[in-house]
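What the coordinates show
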Amino acid sequence: METSHDITQLLIASREGDAQALDQLLPHVYAELRAIARRQLGPRASGHTLSPTAVVHEAYLKLVNHAQTTWKDRGHFYAVAATAMRQILIDYARRQLALKRGGGVHETAIDDNELRVEARAAEIIELDQAMRRLRAVSERLNQVVELRFFGGLSVEETAEALGVDSRTVERDWRKARMFLYRELNDRDVA
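For clarity, every value in this text was computed on a predicted model and none was experimentally measured.

1. Looking at the overall build of the protein
Within the protein, the secondary structure is distributed over 8 helices and 0 strands. Going from the N terminus to the C terminus, the protein shows its helices and strands as α-α-α-α-α-α-α-α. Partitioning the contacts of the protein with sequence separation of at least 6, the portion at a separation of at least 24 is 67%. Only carbon and sulfur atoms are counted for the fraction: they give 50% of the accessible area of the protein, which is about 10000 Å².

This is the structure we're talking about:
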């Protein structure tokens, strides 16, 4: 198993202009990125076209195509990767929803459960819109949701990525979930 130090050293080397560092990075982070993608996609039924491997490869391409990003450390890299994965999942959900031309609205719970893109495309789009409203209220709360829900990071990993302590992440996670729950479930109540 690779250490966070190895990953951080490769990121620093990349930032300092070592072109080979990014090529060496993928084997170090691939397993973790794939595990995150697998958790987010959940069990796959036949006919699904988005695989964890595809999500990882698309996210990694986004990351290396934006090589001007100056990653501070492993946590920052995974934070940027979570953003890339979120964008991929949202884009995929939009395409799925467009193919289905609709779908019912269901109560949405924001928790640590798996995200099944095909089955929940409309909810993912609604979540994305609610997260945009959350970002207008608090960028950090939005980042916590992005890292925990889309990135699959633990409380400790999220704290490391954001440079705060675990208690702050737990508090922010509760606030963000409450905000999103109200946004997603109290609509059309008037």
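Having seen the structure, we can now continue with the description.
2. Digging into a positive patch on the surface
On the surface, a cluster of positive charge is contributed by Arg171, Arg174, Lys175 and Arg177. Inspection of the secondary structure puts Arg171 in helix H8 (residues 166-185).

3. Here we look at the packing of helix H6 (residues 139-150) against H8
Between H6 and H8, the shortest axis-to-axis distance is 9 Å and the interhelical angle comes to 95°. In this view, H6 runs roughly perpendicular relative to H8, as classed from their interaxial angle. Residue-level contacts link Arg140, Leu141, Val144, Val145, Arg148 and Phe149 of H6 to Thr168, Val169, Asp172, Trp173, Lys175, Ala176 and Leu180 of H8. Of the residues contributing to the contact of H6 with H8, the split by class is 8 nonpolar, 1 polar and 4 charged.

4. Thoughts on the environment of Asp73
Its location among the elements puts Asp73 in the loop between helix H3 (52-65) and helix H4 (74-100). Along the chain, Asp73 and Leu11 lie 62 residues apart, while their C-alpha atoms are 6.7 Å from each other. Excluding residues within four positions of it along the chain, Asp73 makes contact with Thr8 and Leu11.

5. A few points about the confidence of the model for the protein
With 78% of its residues at a pLDDT of at least 70, the protein reaches an overall mean of 78. Taken together, the stretch residues 102-108 has pLDDT below 50 and engages in 13 contacts with residues farther than four places along the chain or on a different chain.

6. Focus on the pattern of salt bridges
Counted under the stated rule, the structure contains 8 salt bridges. Arg132 is paired through a salt bridge with Asp128; the nearest N and O atoms lie 3.1 Å apart. With Arg132 and Asp128 both in helix H5 (residues 121-137) and 4 residues apart, this pair spans about one turn of that helix. The exposure class of Arg132 is partly exposed, given its relative accessible area of 44%. Put simply, Asp172 and Arg140 hold a salt bridge, and the shortest N to O gap is 2.5 Å. Residue Asp172 is found in helix H8, and its partner Arg140 is found in helix H6; the two are separated by 32 residues along the sequence.

Reading the values: the criteria
Residues numbered from 1 in each chain as written. Predicted model: local features only at pLDDT ≥ 70, side-chain atom pairs only at ≥ 80, totals over all residues. Heavy atoms only, no water. Helix = DSSP H or I, 4+ residues; strand = E, 2+ residues; numbered from the N terminus. Contact = heavy atoms within 4.5 Å. Areas by Shrake-Rupley, 256 points an atom, 1.4 Å probe, with all protein chains shown as cover. Patch = residues over 30% accessible without salt bridge, like charges linked within 9 Å, V, L, I, M, F, W, Y side chains within 5 Å. Salt bridge = Lys/Arg side-chain N within 4 Å of Asp/Glu carboxyl O. Lys, Arg positive; Asp, Glu negative; His and termini not counted. Charge placed at Lys NZ, Arg CZ, Asp CG, Glu CD. Axes fitted to C-alpha atoms, helices over the stretch in contact; angles between N-to-C directions. Parallel < 35°, antiparallel > 145°, perpendicular 65-115°, else oblique. Nonpolar A, V, L, I, M, F, W, Y, C, P; charged D, E, K, R; others polar. pLDDT = per-residue confidence, 0-100. Buried < 20%, exposed > 50% of the residue type's maximum accessible area, 1.4 Å probe, protein only.

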